[in-house]
Amino acid sequence: MTKHRTRLAPSPTGALHIGNARTFLINWALAKQRSWDVVLRIEDLDSPRIKPWAHQQAIDVLQWLGMVCDEPALVQSAQPQPYLDAMKSLAQQGQIFRCDLTRREIERAAAAPHQSPSEGPSENRFPRHLRPTQKEAFLFEPTAASSYRFQIEDDLVTFEDQLQGPQAVNVAADIGDFVVWTQRQQPAYQLAVVVDDIRQGITDVVRGDDLLTSAARQTLIYKALGAAVPKWWHLPLVVGPDGRRLAKRHGDSRLITYLQAGVPAERVIGLIASYSGLCSTPVPMSLDDFTRSFVLDNIPRQQVVFTQESHQWLLADSSSS
Ligand code: GLU
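Residues numbered from 1 in each chain as written. Predicted model: local features only at pLDDT ≥ 70, side-chain atom pairs only at ≥ 80, totals over all residues. Heavy atoms only, no water.

A. Spotlight on the sheet that holds strand S5 (residues 147-150). Spatially, the three strands line up as an open sheet ordered S4-S5-S8, and their pairing is antiparallel. What marks the edges here is a single partner per strand, and that holds for strand S4 (96-99) and strand S8 (178-181). On average, each strand axis in the sheet is inclined to that of its neighbour by 45°, with strand direction left out of account. The sheet contacts of helix H3 (residues 81-92) involve S4, S5 and S8, and relative to S8 the element is tilted by about 130°. (Pairing = 2+ DSSP bridges. Helix = DSSP H or I, 4+ residues; strand = E, 2+ residues; numbered from the N terminus. Axes fitted to C-alpha atoms, helices over the stretch in contact; angles between N-to-C directions. Contact = heavy atoms within 4.5 Å.)

Structure follows, in structure tokens:
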């Protein structure tokens, strides 16, 4: 029987916050209760947004919370070859094509009058009529400063989410042919995450539900690469009081702030426990207790709101430690 494996996959584009902690802790508890391996991956390919300090900080914060993974971290930027191999394989199947159009050109074409009404304008969608017709566009040139797109069919992509049930995503209508390789000569997120999940042997992907529709695109890539599609577990996000995903505008919710203020990790874990259906109000809790008492069916199915009261509760006795 295959050993189940899951991963924590922070992007060092900024500091990890309470929302990241919640996803990671739920992932951790699920895995430990079911004897899955948990591995770490640093998703550092989004180069313009990468912050040099954020990689080590993510490791420090995870360690503070007690989440020490089973293997040394896979750092995406350290090994470009697997992404190149995947691109070669997709190119051999005629699955990807080179695209030098700017975002503006694509937007303009998507809104152009000759488009069929059923296609409906979408600023993010790549309209089918922009696909190249020349054969050379379907060859992969890793050194070209071009992006490459994955050519999709019109069919609905269906998959089962372990938390959100059956899904049917119309990738053609929503996104169209999507980018798998960027002009910076690097894999785009959609490709990198699939290649890495395959090479890390990931069987269960647990993450925020902002990536639910990405699972459809990733399913297409898995299939094109002939790999087994993992099980998906998409968790409702932690949001600010305005219902938008947690961000700077909601005040400080960075885990490093609490660590540096001397807040015990048990307080963060206790707050997350109250956000995960383990208790109705936060009480400090160890990682072991969180893991033991976690019940999948009790996770709230709607978004959780991080408030200033939560922030104050976390800081409440930090001066005493
Ligand atoms: N690195 C992504 C993030 O921090 C997660 C990607 C994934 O889990 O597929 O949001």
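From this point on, the discussion continues.
B. Spotlight on the packing of aromatic side chains. Counted under the stated rule, the structure contains nine aromatic pairs. Ring plane angle 85° and centroid distance 5.2 Å describe the contact between Phe140 and Trp181, whose orientation is recorded as edge-to-face. Highlighted residues: Phe140 in the loop between helix H4 (103-110) and S5 and Trp181 in strand S8, separated in sequence by 41 residues. Comparing Phe140 with Trp181, the two get one shared label, buried. Taken together through their ring pairs, the aromatic side chains of Phe97, Phe126 and Phe138 make up a single cluster. Across from the ring centre of Trp28, 4.5 Å away, lies the NZ or CZ of Lys32, which sits over that ring. (Phe/Tyr/Trp six-rings, centres within 6.5 Å; stacked < 30°, edge-to-face > 60°. Buried < 20%, exposed > 50% of the residue type's maximum accessible area, 1.4 Å probe, protein only. Lys NZ or Arg CZ within 6 Å of the ring centre and 35° of its normal.)

C. Just the packing of helix H1 (residues 18-33) against helix H9 (residues 265-274), in detail. At a minimum axis separation of 10 Å, H1 and H9 run at an interaxial angle of 75°. When the axes of H1 and H9 are compared, the pair comes out roughly perpendicular. Note on element contacts: H9 touches H1 through Val268, Ile269, Leu271 and Ile272, opposite Ile18, Ala21, Arg22 and Leu25. Class assignment for the residues of the contact of H1 with H9 results in seven nonpolar, no polar and one charged. (Parallel < 35°, antiparallel > 145°, perpendicular 65-115°, else oblique. Nonpolar A, V, L, I, M, F, W, Y, C, P; charged D, E, K, R; others polar.)

D. How the structure looks around the pattern of salt bridges. Applying the stated criterion across every chain yields a total of 17 salt bridges. A salt bridge links Arg49 to Asp46, with the shortest nitrogen-to-oxygen separation between them at 2.6 Å. Here Asp177 ties to Arg131 by a salt bridge, and the two come within 2.6 Å at their closest N and O atoms. With a gap of 46 residues between them, Asp177 in the loop between helix H5 (171-174) and S8 and Arg131 in the loop between H4 and S5 connect regions that are remote in the sequence. There is no split in this pair, since Asp177 and Arg131 are both buried. In this structure, a network of salt bridges that share partners links the residues Arg7, Arg41, Glu43, Asp196, Asp197 and Arg199. (Salt bridge = Lys/Arg side-chain N within 4 Å of Asp/Glu carboxyl O.)

E. Broad picture of the site of the ligand. With respect to spatial proximity, the complete set of residues near the ligand consists of Arg7, Ala9, Ser11, Glu43, Tyr189, Val193, Arg207 and Leu211. A distance of 2.7 Å separates a nitrogen atom of the ligand from a polar backbone atom of Ala9. Within the contact set of the ligand, a nitrogen atom lies 2.6 Å away from a side-chain nitrogen or oxygen of Glu43. (Near = heavy atom within 4 Å. Polar contact = N/O pair within 3.5 Å; in protein donor to acceptor, adjacent residues only side chain to side chain.)

F. Expanded view of the sheet that holds strand S2 (residues 37-42). Pairing is parallel across the open sheet formed by three strands, whose spatial order is S1-S2-S3. The sheet terminates laterally at strand S1 (5-8) and strand S3 (74-75), the two strands that pair on one side only. In terms of strand pairing, S1 meets S2 through four bridges, oriented parallel. When the bridges of S2 are listed, Arg5 appears paired with Asp37.

G. The confidence of the model for the chain, seen in detail. Of the residues in the chain, 95% have a pLDDT of 70 or more, and the chain-wide mean is 92. Note on residues 114-123: pLDDT is under 50 here. Beyond four places in sequence and across chains, it has 13 contacts. (pLDDT = per-residue confidence, 0-100.)

H. Broad picture of the nonpolar core. Counting residues in hydrophobic clusters, the biggest one holds 50 residues, and the most contacted among them are Ile18, Leu65, Met67, Leu255, Val268, Phe290 and Phe306. Elements with a contribution of two residues or more to this core: H1, S2, helix H2 (54-65), strand S10 (231-235), helix H8 (255-260), H9, helix H10 (287-293) and helix H11 (308-315). Ranked by residue count, the leading element in this core is H1, at nine residues. Counting 35 residues, the second-largest nonpolar core is a separate cluster that includes Phe178, Ile202, Val205 and Ala215. (Core = buried A, V, L, I, M, F, W, Y, C linked by side-chain atoms within 4.5 Å.)

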